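Take a look at the letters that make up each chain.
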Amino acid sequence: MLSVSAFRRVVRASAIYDVLMTAPFATPWTFLLLREHLTALNVGLGGAPLPPFEPLHLLISSLFGSVVMVWSVLRMLDPQPRFGRYDAAARYLFSTWMAWALLETGQPLLWLFLVPELAWGLAQSLPLRAPAAGREGRAHESLLR
């Protein structure tokens, strides 16, 4: 069980992780730079080169990157427990699709995204310790709504 303050630190840390990992996906130009490194990493892990990306693929990756960046900044600035719970749900969804892609392609690079995604989801699913009664308890209840 985590205290509310510890849980808020987990939510903020997961948001910082997301900013660092997702920023290159936010524009087509930065993703094209990242793609070359991801291809080299995947080949180094025994996988195949990533397929060429067309403009529609770049649009989808940039939409993903942009939405995750906005969501991450919100959680960094206001790491509410309820945002952590929503983020855990999103991470489980992302993990489901990553696991599907891993089963379909066998690309080892996906493990480098899947494992942290599951770990952050689990960390943000941990139960919270009930705070002591009084002002802190009321503040805790309002954070969870």
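Our subject is the structure that appears above.
Keep in mind that this is a model prediction, so the values were computed, not measured.

Re the overall build of the protein chain
Broken down by element type, the protein chain carries six helices and zero strands. The N-to-C order of helical and strand elements in the protein chain reads α-α-α-α-α-α. Dimensions of the protein chain, computed from C-alpha atoms along their principal axes, come out at roughly 60 × 25 × 20 Å. Looking at the protein chain residue by residue over its 145 residues, the buried ones come to 38%. Contacts in the protein chain between residues at least 24 apart in sequence constitute 73% of all its contacts with a sequence separation of at least 6. Counting only carbon and sulfur atoms, one obtains 73% of the accessible surface of the protein chain, whose full area is about 8,700 Å². Each charge class in the protein chain can be summarised by its mean position, and for the 12 positive and 9 negative side chains these summaries are 14 Å apart.

What to know about a nonpolar patch on the surface
A cluster of nonpolar side chains, F64, L93, F94, W97 and W100, forms an exposed patch at the surface whose accessible area comes to about 560 Å². Looking at the element boundaries, L93 is found in helix α4 (residues 81-105).

Re the environment of G84
Mapped onto the elements, G84 comes out in helix α4. Measuring from C-alpha to C-alpha, the distance between G84 and F7 comes to 8.1 Å, with 77 residues separating the pair along the chain. Apart from residues no more than four positions distant in its own chain, G84 is found in contact with F7, V11 and Q124.

Let's talk about the packing of aromatic side chains
Centre-to-centre distance and the angle between the planes together describe a pair of aromatic rings. Going through the model one piece at a time under the given rule, you end up with six aromatic pairs. Measuring from ring centre to ring centre gives 5.4 Å for F25 and F64, while their planes differ by 85°; the resulting arrangement is edge-to-face. Residue F25 is found in the loop between α1 (4-22) and α2 (28-44), and its partner F64 is found in helix α3 (residues 55-77); the two are separated by 39 residues along the sequence. Overall, F25 belongs to the buried group, its relative accessible area being 11%. Pairing W71 with F83 gives two aromatic rings, centres 5.8 Å apart and planes at 65°, and the pair type is edge-to-face. Taken as a pair, W71 in helix α3 and F83 in helix α4 lie far apart in primary sequence, 12 residues in all. A relative accessible area of 23% places W71 in the partly exposed class. Here the aromatic residues F25, F31, F53, F64 and F94 are joined through ring pairs into a cluster of three or more.

A look at the nonpolar core
Counting nine residues, the largest nonpolar core is built from L2, A6, F7, V10, V11, Y17, W120, A123 and L128. Looking at this core, the elements that each hand over two or more residues are α1 and α5 (111-123). No other element matches α1, which puts five residues into this core. Excluding anything up to four places from it in sequence, V10 contacts L2, W120, A123 and Q124. F25, L34, L50 and L109 belong to the second largest nonpolar core, which has seven residues in total.

Some remarks on the side chain of S14
Residue placement: S14 occurs in helix α1. From its side chain, S14 meets the backbone oxygen of V11 in a polar contact 2.9 Å long. Non-local contacts of S14, meaning those with residues more than four positions away in its chain, are made with R75, D87, R91, W120 and Q124.

About the criteria used
- Residues numbered from 1 in each chain as written.
- Predicted model: local features only at pLDDT ≥ 70, side-chain atom pairs only at ≥ 80, totals over all residues.
- Heavy atoms only, no water.
- Helix = DSSP H or I, 4+ residues; strand = E, 2+ residues; numbered from the N terminus.
- Buried < 20%, exposed > 50% of the residue type's maximum accessible area, 1.4 Å probe, protein only.
- Contact = heavy atoms within 4.5 Å.
- Areas by Shrake-Rupley, 256 points an atom, 1.4 Å probe, with all protein chains shown as cover.
- Lys, Arg positive; Asp, Glu negative; His and termini not counted.
- Charge placed at Lys NZ, Arg CZ, Asp CG, Glu CD.
- Patch = residues over 30% accessible without salt bridge, like charges linked within 9 Å, V, L, I, M, F, W, Y side chains within 5 Å.
- Salt bridge = Lys/Arg side-chain N within 4 Å of Asp/Glu carboxyl O.
- Phe/Tyr/Trp six-rings, centres within 6.5 Å; stacked < 30°, edge-to-face > 60°.
- Core = buried A, V, L, I, M, F, W, Y, C linked by side-chain atoms within 4.5 Å.
- Polar contact = N/O pair within 3.5 Å; in protein donor to acceptor, adjacent residues only side chain to side chain.

None of the figures reported here should be taken as evidence of function without further support.
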